[in-house]
Every structure is written in structure tokens, then in C-alpha cells.
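Working through the structure, step by step
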Amino acid sequence: MHRFFKHPWVIIILCLGITGVLGYKLKDVKLNNSIRQYFPQKHPSYKRLINTEDTFGSTVVIGVSLETDKGSIITPDNIAIIDRITTQIEKIKNVERVDSITNIDFIYGKDNALVAGNLIGLERGEDGLYPRLTEEQINTVKQNIADWTDMYNRVIISDDGHAAQMQVTLAADNHPDPKAQKVSDEVIRQQVLDQIRIIAQKETENSGLNVIYYGDPVLTESSKKFMMSDLTGLIPLVVLVVLITLFLSFKTLDGTLLPLISVLMATIWTCGFMAVFHFTFTIVTSVIPVALIACGSAYGIHVLTHYYIALDNFKGTLTKETHKQIIIEGLKDVWIAVFLAALTTVLGFISLVSSPIAPLHSFAIFTALGIAFSLLLSVVFIPALLMVKPISRVGHRSKGMQHLTNKVRAKMAARADRLSEKAVRKNEEGDSEPSVLYNIYRFFCGSKPRLYMFCAFIVLFSVIGLSKLRVDTALINYFPANCKMRKDVAYVDKRFAGTNSVYILVKGPVQKDEKGAAVTDKNGNPVLVAGSMTNPEILEPVDEMQTYLDSKYESIGKIVSFTTFIKRMNQVMHIPSSAASEPAAQKPVPAAGETADSGTGFSDDFGSDFGNDFGSMTAAASPAPAAVSDYVDPNIAYAQKLGQPMTVQDGLKMISDAYTEAGGRNASVQDIVNALEKKLNYNGTAYYEIPYDIKKYPVADRKELSDLVSQYLLLFSGSLDRFANNALQPSCIRIQVQFRSHSTEEMGELIKDAKAYAARHFPAGYTLEFTGAGELEYTMTDMVVSSQLQSLLISLISVFIVIAISFGSGWAGMLGAIPLAFAIILNYMVMGFAHINLDLVTSIIASVAVGVGIDYTIHFLETYRAERAKCSDVELVAKRTFRKSGIGIVTNALAVGLGFLVLYFSKFVVLQYIGILVAIVMFTSSALAMTVIPGFLTAYDPKFIRPKEKNIQGKEQGTGN
Amino acid sequence: MKKTLLKSAAVAALVMAAAGAAFAEDGRSIIQKVLAVKKPDFNHSMVKMDLIEKNGTVEESRIIEEFGRHNRDTDTSDLVIMFKNSTNKSNINIRFLQIENKGKDDDKWIYMPALRTTRRVNSSEGDKSFTGTDASYDDMATRELDDDTHELLGEETKNGFDCWKIKSTPTDKTMPKAQYKYRLQWIDKKTYIPVYAEMYDKKSGELEKVLTVEKLENINGYDIPTSNLLTNIQTGHSTRIAALQNKDGKYAIILDKQIPDSVFTQNFLNTGK
């Protein structure tokens, strides 16, 4: 050790050099606030999301809501504003599409044609904008919206009609070119959001419209702002807290500054390494500096404490050599203990590495690394600095105290007493008063019954608390409910379909080859039967499932899917019209002026010549389906009826019938109108359905209804990318469920319910899958629980092993692990009672509890063992142990707890929880170390704690007790 | 005027309508000649239409019978397309009729076998895909000579042909309704047939579609592209339209043989005869 410290200046310069280099690297530290990093990238759920986005397009949306304070949002002025905003946003790079009143798809019937147009129904001018709408045209727009409420209500317009919504879908770059210069999605999305804001602000100026933005990019933006303010505000604060704690402990400049400097250096190293290895700062990793500064200063404190003890014990003249000797003496005393403490803390943190979630992963690695750095600097850098301190200044320790008030000096002296070996010796003589801590222990765990009662109470309360503990991984909960972003989300959730979404994929059966084996593509994915999703046998139950879910879950704001479009197409194609809806078979042929054989003459052109060459391909495989003879198109009758005058009597009867049909008194006006319209198929309303009942269609069987759906798609061609995987022959469709709640618990129920429904009602071979942010958050709840259990297990086992090895006994390991396990379940209890959710971030508390809390256990056990070696009266041993270590443990716990408590001033509500909970855990784990442990030790005086050389004697005493 | 399907695959590139005269070989006069290429009065052909996925697998293969007529007086073309067969059985017997109207939107109808009725196809949806192909309805329709400004960019050998390379950009007036930002066309100097074309995305300005004439044949004195491939670069999907040939290599194309007017009616769509 002497040789190591031969050239202290070299060590100092080296450490400062590394700090300089890594400190310079801090400029490269990047913040990452993207939402998706919190998703488990390797989990099938995440892969499913990416695959789904590849097929159906991006799910990243920025929402813009415009609300008027006077009447309807649909006015000529507002439509013009929405149009201008929409067309400008559409031009922004990386915007995939915009859905707003002025450009959302509107399927309608016109001159007997199926039109996939828009709600405005006008031609755009040369400037690319709609002309200003007249009042009459505004009414048409309103009517159009009312015509297809399934599609529009809560999507582009609020329930009350005061607010309009624009949904801007951003391109998802899920498979970036690895060679290309990568600009992060976060940056791109922020740019788009900025541009959208500029456009919307400019266009709504002086309009009196209230504009609100939401969506993942907005969340990311808030997160970034919060994090910046946290990093700049909290680090100085935690430095201050540690500074005060250190000063109160040592009351010297060295004692205050050295541990602080070393821990700050360790923090710089850690963050510097994060930058070097391109790890980013996230909400979770932003805790690292605070955690390091709070936890890491302990090692410096220990080193200095033992240095001061050695210094106090030294009698003689101080020279540079003897001073060095003193420093090394002190270090030798403490080195193992400090190393053990750091090792267990590292183990606690590193246990989180098993987490599948990237930010937790980096948190585990870098806090562990940072603790290691703190240890290293405490045992290398601090002694080196002490060594180069001018000897003349060394003796000045007490001179520094002269500046303190007498009162403080008295306290200081008392503390110095306690710290010094002299004081210990005095204690050994047993002439001191029992400490408060000792009394607390006596009260709770002073006897076996008390000990067991105490443990039973802890377990009981914890179980009650645990039962209240909720696991919820919704990222939005990280933000305080009163921040603007959350308020905006709540605003939108109230007015529109909801900002949380989940997607249901319904997949057709897997294609089988001749041998009946599943056909796979070159990536090994099963190939689905093309066109299987045009089958009414599946579309009907899918549509019914949507209705079922929509009516059962209040939180569902909207469900839009492939079936919404098919139903609408079917409706539009069945709008009563006497002329063109007549089936072909009923039309007179041939038309005038044509000869009967004119048709055959030319069609023989290729007859045999090509028929043979192209085999079955040229000749129609199936002849034109025969007209279904007993089918009479009801639309002819409908059309006639609709065109007829009606008596008041008939009219009233119709209304009365519709009223009854719609459910009588419980029916809404809309229900009644709907029933009324259906009666005469007004506007095709009776056909707003999946074509399923063969009696209503000119078909022989349901297979032909599948053909019908297929033909609708052919006619509609290409605008269903978001809802079907193939424009003509879909084998997979997507259902978009918008959720007004962010509860992952509720999402979980919905998912289970829908799966059960599918199992009951879907035809064989058809499957159902969930994907999207909502599903991933739900998946994460399971993962948080399993990863929490895993990391708990790892850390508790590590604790067990470390203690078992250092005390040479499995029982010691057990004894060490019990108070920690209690501290953790008590933490869950607090969370349960305080309604703090277990989520990605709060799941780190258990590891902190173990990693830091074990120090107290080890500290207490070590001291107790040392005292036990000197005395066999266990109560006296306990008393002395409290005297010697009690204050130290409390100070340490206070320092760490207060350090973390700084997080209470974080902008993130979840970090505030961390601050409070870690502080509580520090209290409970230190308190348990000083109650349960002495309780067991005095009750059983176990073998491992007794001195080895006095084994036999100890045993006799043990049985004597 | 309307192209036959074979030509209308060439469609996107083709700019038709004859007007005015030009003397110098500038962009406009070349396109003018392209539009003035001699067309048969009637054509009747069998073609194979393959919808090809990004990975090269044929998603759907259709055998189509096609009837076309060209009215020299009005310079308008009408077209009937019948899906005689398809690997997607649902599409068999679909029939399509397009009647060109000078100076106003064309009339289009489609016969839906499952409904046993003929429905009008809305004319204002030019950018929608034609029956799931990579061609839009607009790709199949007319662009008048002066809908675009035509710039001769140079001469190039493309696709094995000695060509003029022309950039056609919609005028300010036609831009709002135009489907593309601009098109590059390579016009074969010998036949005045566009043999290669690139269409550029209106929003991003990036290459969107590429049309390649894979085979150009002279049949009865008419230059007919007998195989065309239209690829959507952005989706990777493509459509190949090729005239059927018998084993002697004879194309299933009959030109200038009278086709009765009754073929170009809704009634024909309904009955198929």
C-alpha cells in the first residue's frame, strides 16, 4: 500500500485528468425522451407493433384540437382555418397523413356511384384550398358528418360539436438505413410538432379558437423540458444536501469537501462514460447523479472517519512520513468494510440489469459503475489528497473548530468521543446510559414474543398494503396531473375518442400446402389465406365484437375498423334508386338497334386459338353466376315508396313504429331516426351492415357475399391501407380502439375480454391479436412484475451470499436478508396505501433498498460481532453495539434518505415518489437493522456471531442463557 | 381520348390530344407528334394482367378481354374491359366501361357480378387505383397537350431505344388537380411511342412510379406496346400488362375489325353479350 501511494501527485493528476477528459465528454450527453425506449424492444409485443406499423402505417400521431367558445365549430371561417392548417401540415416533411374535417375520407353515393371523396364535396381552387363555404354548404358538411357518425363522431368533431380535431400521423422510420446519418425520431418529431404549432398559431390568430396539441411527441417534449429542469435544479440541490450532511458530520473543510469532490468526480466519470458509449439520459437514468451523490458519499465518509480516528490516536510528532502512515493505517482499518458496503450496493443496483427495459438496464449498469468509481476514488483519490496536504495544516483540524460556536464545539467533542477508540473502551466498561435507539429496540424486539409480534405486524400490514398495490405502467402517470400536458390530454379524452389507443388485428387462417403443412414466407412467417378477411362469416362476428366491446367499456371512445368501411360501402351501394339498382337479369336485352348475333361474332375472335394455349386461364373458370330467381331487389320498392306522397296517418304510424322498435322510452332521438330511416332504407340505412343475410342480397350463398365484399374493395381500391393488409384480398384487418382512460389494468381486461369473445364466436382458423401503445403498456405491467421479482430475488440472494460468506454462516445470510425483505414489503405497503403505482421507475426502489439498506445490516452485524468477542452478555453487547454504531447508521441513512428526498422537487411525479419512498425505505431498513437484527441476536445468540476461539465456552453460555 | 388498356398502361406517360402545329423538335412538338400517332379504329385483344408484390410473387393474375374503339371525328376513345378469369375468383366477370367525353369528365361504369348490377364509377377520383393495379384512373385518362409544359432535356438511349427525354410539368392551372409533380418521358424517335417514363410524387418530389415498355411490336402497321410494366417505386408493387400470344407467337390482338356499338353500353356490361 505504501508503494501504491509512493507518488500521490501522480494519482491526483491521473484522477483529475480522467475527470477532465470525461467531463469534456459530458457535452455529448444526449437526452432521450422517446416513448418507445420504455418498451421492451425484444418482446414479441414490440415486434408485433413494428410489423403492424410496416403493414398498416405509423401509429405515431400528433393531435390538434380546435375549440370555439361560440356554438358549432363548423362555420365557414373555421372550416377555412382547418383547411389552411390541414393543407400546410400535409406538406411538412415526415407527415404521413392528416385526418381533419376537410380531408378525411367520406364514402357516399352520387349518381348511383360509390364515391370515396371528402366531407366538403367541393373542388379545390388553384391555391389548393377550398373556396369559402356558404351557409348552405356548411349544412351539407354537417349533414355528411351526421351521415356517418360511426366514422366521424369524436374523431374529427367532439360530441358537443364545439371542437374539431386533426390527427397528424407521422412517418415511422422503423427500419432506418444503418449507413445513413441517423437523426433521432425524437428530433424529427419535435421539428414536426414545432412546425405544426407555428402553422396552427398563425392560422388561428384572432379567431378565438382554443388550440391544444397532444400525442406522443408532445409527451416527449414535456418530458424533455421536465428533465432539463430536473438535471439543472436537482443536482445542485443534492450537492447542497450532501454538503450540509457532511459538514454536520465532520465540521471540517476536508471532511466536507473531500467526500463530496470524490463523489462528484465519480458522477462525472459515470455520465462521461454514458456519453462515450452513447447511452442516453432518460427519466430513469436522470436519477443516476442524484443516486450516486446520495449513496456514494458514504465511502468517503468512512475513509475520513477512520483517518480521523487514526489521527486522534496518534501520539508524537507529525511528519510527512508519519502522516502518510496514519492515512494508510486508517485506510487499512476501513478498506474491507467499505469494499463490502460498495459491493453490496453494486449488487443491489446491478440486479436491475435483468430488466427487459432499456432505460432500467442502463440505470443498473451505470449506477453500479458509479458506485464502483465512488469507492475507487474514496480509497485512492482521498488518501492521495490527504498525503499531499501540508503537514502544517494537518494539526489544524481542531483550530478549524475554534470558529464554531461553543455549543457546536461541545457537540463536536462528544461526537469525537464516540468515534474514538477511547470512547469505545469507556463503553466496554459498561458505565454509559443506554441510548434511545437501544430503547427503541428493546421496546419492539426486546424479547422473543415482542420480536415475533413485531415481525407478524410487519407482515400483516404489508399484506394489506400489497393487496392495494396497483401495477400500472402508463407513461403518462409519470407526469403530475396538474401539468399542462396532462390537462390537455384530459381535455381531449373528455371531448374526443381518447388519446390512448390499442389495435386489434384479426388474421385469417394460415394457408396450407397439399400435405396440410402451414405455408411460410421466406422469413418463416406463416402465409395467410389471401382474401380470407372478405368473408362475412368473420366480418359479422368482428363487427359484433366491436359493438359488444364498445357498449361494455365506458372508456372506449371509438372503434373504427375495416368493417366500418365495408358497412358504409354496402350502405352506399344500396341507396334506393329505381333506375340503376335494377338487377341485370331484370333489364331488357338487347338494346334497340343491335342484332342478336352481333355479340357472338366478335367474341369468337380468339375462341380456340387462345383457349387452348392458356388453358383454364382464358376460359372463365366459373360461368357468370345464375341470377337468383326468387330474389327481388327490395330497393325498387323502397325507391317507389320513398317517392310516394304519404298520409299523415301513415306518417304518424311510421314514427310510432320506429319509436317502439328503437326501444320506446329508452331510445335516443338518434335511435328513433335510425329506425325510421331503416324502415324505408332511406339513404341505404337498412344496409349499413356486413352483407350476411343472403335473403337481402341477390346471391345464392354466403360465398357470393364474400365476392361482394371483394368487389366493393376492387371498386374502392386503395384507401384502406390503415385497416386492411391488402387492398383487394385482405388476410388481416386492423381494428382501431381509442381509449379515454390510461389505466393499463382496464386495458388488460379489455384484451382478455376480446380474446374470449373471439374464441367463442370467430370461425375456426381466424385469430385475434392486440398491438399498439396500449397493449405494450399492458404487456409491460406483467414484465414489471416479473422483472421486479427477478431483480428482488437476485439482490436478496446476493445479500444472502455476501453476508453468509463474510460471517461464515447461512443463518447470518438469512438474518441479513430478513430485514431487507421486510423493508421491501413495507415499501410496497406504503405504495399500496398511498396509491403509488408499481411501474418501470418505482420498481427501482426495491433495488435501492437492498443495495443501500444492507450497509446498515452489515455495519450492525460487524460491530455486534466485534463486541460479542469481548463480552458474552448479549444485552450488554447490544447496548454497546448501539453506542458504537447506532448514530453512524442513523447518520448514513439520513444522508442517503435526504439526498434522495431531493427528488421530491423533481417535475416528474414518479421521481417525487422515488424521493419519498427511498427516504422511507432508508428509514425502515435502518430501523429494521437496529430492531429485528439485535432482536434475533440477543434472543438466540447464534453461533456465527460468537467468537470462534471461545466456541465451547460460548455454547455453554448460550445454553445458559 | 382513351387508350386501350395495353396503351393505357403506357398511360401515365402518354399525353394525348392533337392541337396546333409545331415545326422545331422541341418538347411540345414531340409530344404533339406522340399524341398524333396513328390509332386503329377498333381493337380487340386478350391481355394478361399480373399484380405483383414487392417480393416478386404474383398476387393476382387476370385474363382480360378488351374492346376499344376510336372515333376519328371526335378524337375520342371508348373502352370495355372484361375480367374473363382471375386467380382471385371474386373478380371473375367484373366488367368495366369507359366512354370518353370531350371537354368533360369521362363516363365510367363497372359491373359487379355479386350485385348483378352495373354501377357508375365516380369520375372525380382520378388518383384512386384502377381495380387494384398500380395505375390510377387518371393514369388511364387524358392529359391535353397544353395541360403540361414539355421541356426537351436531351437525347438518350433508354430501354434499347433511341429516345428524346422530355420533362412534362403541369401548368400552374392544372397543377392543383395533377397527380404528379412532373413526369419524365423517353420517346422513341422512330415510332413516337413513350417507351419509358418516370412519375414524380407531387408532395415529396421523389420518384413514385416507373413505366417500362418491355415489348414494342408493329402489328398491322400500328406500333403497339405489347408488354408493359408499371412499378410503384414507393410501395414496390407492380403491374404487368401483356398481350396474350398463341404458341406461334401470334398476338391476341385484332385491329380495325368492326366492333358493334352495343358493346360499349351498360347493357353489355350487365349481360356480357
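As shown above, the structure is provided for reference.
A quick note: this is a predicted structure, and the numbers were derived from the prediction, not measured.

Analysis parameters
- Residues numbered from 1 in each chain as written.
- Chains lettered and ligands numbered in written order.
- Predicted model: local features only at pLDDT ≥ 70, side-chain atom pairs only at ≥ 80, totals over all residues.
- Heavy atoms only, no water.
- Helix = DSSP H or I, 4+ residues; strand = E, 2+ residues; numbered from the N terminus.
- Buried < 20%, exposed > 50% of the residue type's maximum accessible area, 1.4 Å probe, protein only.
- Contact = heavy atoms within 4.5 Å.
- Areas by Shrake-Rupley, 256 points an atom, 1.4 Å probe, with all protein chains shown as cover.
- Pairing = 2+ DSSP bridges.
- Expected span 1.5 Å × (residues − 1).
- Core = buried A, V, L, I, M, F, W, Y, C linked by side-chain atoms within 4.5 Å.
- Axes fitted to C-alpha atoms, helices over the stretch in contact; angles between N-to-C directions.
- Phe/Tyr/Trp six-rings, centres within 6.5 Å; stacked < 30°, edge-to-face > 60°.
- Polar contact = N/O pair within 3.5 Å; in protein donor to acceptor, adjacent residues only side chain to side chain.
- Salt bridge = Lys/Arg side-chain N within 4 Å of Asp/Glu carboxyl O.
- Parallel < 35°, antiparallel > 145°, perpendicular 65-115°, else oblique.
- Left-handed = near helix turned anticlockwise from the far one by under 90°.
- Nonpolar A, V, L, I, M, F, W, Y, C, P; charged D, E, K, R; others polar.

**Overview of the overall build of chain B**
The secondary structure content of chain B amounts to three helices and 14 strands. Here chain B, with 273 residues, has 65% of them falling under the buried criterion. For chain B, the share of sequence-separated contacts (at least 6 apart) that also reach a separation of at least 24 residues comes to 51%. When the accessible surface of chain B is split by element, carbon and sulfur atoms take 48% of a total near 10,200 Å².

**Describing the pairing of strand β8 (residues 556-561) of chain A**
Residues and elements named next belong to chain A. Here β8 lies mainly inside the structure; six of its six residues are buried. Relative to strand β9 (residues 732-739), β8 runs antiparallel, the two being bridged by five bridges. Note on β9: the bridge partner recorded for Val-560 is Gln-736.

**What to know about helix α18 (residues 484-495) of chain A**
All names here are of chain A. If you check α18, its first and last C-alpha atoms are 16 Å apart, about what 12 residues at 1.5 Å a residue would give, namely 16 Å. Here α18 has its buried residues at Met-485, Arg-486, Asp-488, Val-489, Tyr-491, Val-492, Asp-493 and Arg-495. In this structure, the buried side of α18 is in contact with β1 (61-67), β5 (163-170), β6 (210-215), α7 (216-250) and β9.

**Some thoughts on the pairing of strand β3 (residues 105-110) of chain A**
Residues and elements named next belong to chain A. Pairing analysis gives six bridges linking β3 to strand β4 (residues 113-118), with the strands arranged antiparallel. Paired with Tyr-108 across the strands is Val-115, a residue of β4. Remark: two residues form the turn of the hairpin made by β3 and β4, two consecutive strands paired antiparallel; Asp-111 in that turn has positive phi of roughly 45°.

**Side note on the nonpolar core**
Judged by nonpolar contacts, the single largest core of 278 residues is most densely connected at Ile-101, Phe-565 and Phe-900 of chain A. For this core, the element with the highest residue contribution is helix α11 (residues 358-388) of chain A, accounting for 17 residues. Apart from residues no more than four positions distant in its own chain, Phe-900 of chain A is found in contact with Val-287, Val-290, Ala-291, Ala-294, Cys-295, Val-848, Gly-915 and Val-918 of chain A. Core analysis: the next-biggest nonpolar cluster, separate from the first, contains 13 residues, Phe-42, Ile-99, Trp-109 and Tyr-111 of chain B among them.

**Looking at the sheet that holds β8 of chain A**
Residue and element names in this part refer to chain A. A sheet is described by the order of its strands in space; here four strands give the open sequence β8-β9-β7-β10, paired in antiparallel fashion. Every interior strand has two partners, whereas the edge strands, β8 and β10 (767-771), have only one. Sheet twist, expressed as the mean angle between neighbouring strand axes with direction ignored, is 20°.

**Re the packing of aromatic side chains**
All names here are of chain A. Per the counting criterion, the structure on display carries 39 aromatic pairs over all chains. Here Tyr-307 and Tyr-308 contribute two aromatic rings whose centre-to-centre distance is 5.3 Å and whose plane-to-plane angle is 50°, an arrangement assigned as tilted. Each member of the pair, Tyr-307 together with Tyr-308, is buried. Seen from their ring centres, Phe-936 and Tyr-940 are 6.2 Å apart, and the 20° between their planes marks the pair as stacked. Of the two residues, Phe-936 and Tyr-940 both sit in helix α33 (residues 932-940), four residues apart, roughly one turn of that helix.

**Notes on unusual backbone geometry**
At His-835 of chain A, a position not held by glycine, the phi torsion is positive, near 55°. As for its placement among the helices and strands, His-835 of chain A is situated in the loop between α29 (810-833) and α30 (844-870). Despite not being glycine, Asn-93 of chain B has its phi angle at roughly 80°, a positive value. In this structure, Asn-93 of chain B sits in the loop between β3 (76-86) and β4 (95-99).

**Some details on the side chain of Ser-532 of chain A**
All names here are of chain A. Locating Ser-532 in the fold gives a position in the loop between β7 (500-507) and α19 (536-552). From its side chain, Ser-532 meets the backbone oxygen of Val-529 in a polar contact 2.6 Å long. Filtering out sequence-adjacent residues up to four positions away, Ser-532 remains in contact with Gly-508, Pro-509, Ile-538, Pro-730, Ser-731 and Tyr-766.

**Some remarks on the pattern of salt bridges**
Residues and elements named next belong to chain A. Taken as a whole and judged by the stated rule, the model has 46 salt bridges over all chains. The partner of Arg-132 in a salt bridge is Asp-77, with the nearest N and O atoms 2.5 Å apart. Of this pair, Arg-132 sits in the loop between β4 and α4 (135-147) while Asp-77 sits in helix α3 (residues 76-90), placing them 55 residues apart in sequence. Overall, Arg-132 belongs to the exposed group, its relative accessible area being 56%. Between Glu-745 and Arg-470 there is a salt bridge, with its nearest N and O atoms 2.8 Å apart. Pair noted here: Glu-745 is in helix α27 (residues 744-761) and Arg-470 is in the loop between α17 (448-468) and α18, with a separation of 275 residues, a long-range link.

**As for the packing of helix α9 (residues 287-313) of chain A against helix α10 (residues 320-350) of chain A**
All names here are of chain A. One way to put it is that α9 packs onto α10 with a least axis distance of 8 Å and a crossing angle of 155°. Between α9 and α10, the interaxial angle falls into the category roughly antiparallel. For α9 against α10, the interelement crossing comes out right-handed. Contacts between α9 and α10 involve Cys-295, Tyr-299, His-302, Val-303, His-306, Tyr-307, Ala-310 and Leu-311 from the first element and His-323, Ile-326, Ile-327, Gly-330, Leu-331, Asp-333, Val-334, Val-338, Ala-341, Ala-342, Thr-345 and Phe-349 from the second. By residue class, the composition of the contact of α9 with α10 is 14 nonpolar, five polar and one charged.

**A few points about the environment of Leu-184 of chain B**
Residues and elements named next belong to chain B. For Leu-184, the location among the structural elements is in strand β9 (residues 180-188). By relative accessible area, which is 8% here, Leu-184 ends up buried. A sequence separation of 128 residues divides Leu-184 from Gly-56, and the C-alpha atoms of the two residues are 25 Å apart. Not counting chain neighbours up to four residues away, the residues in contact with Leu-184 comprise Leu-153, Lys-165, Ile-166, Lys-167, Tyr-196, Ala-197, Glu-198 and Tyr-200.

Read these as geometric descriptors, not functional statements.
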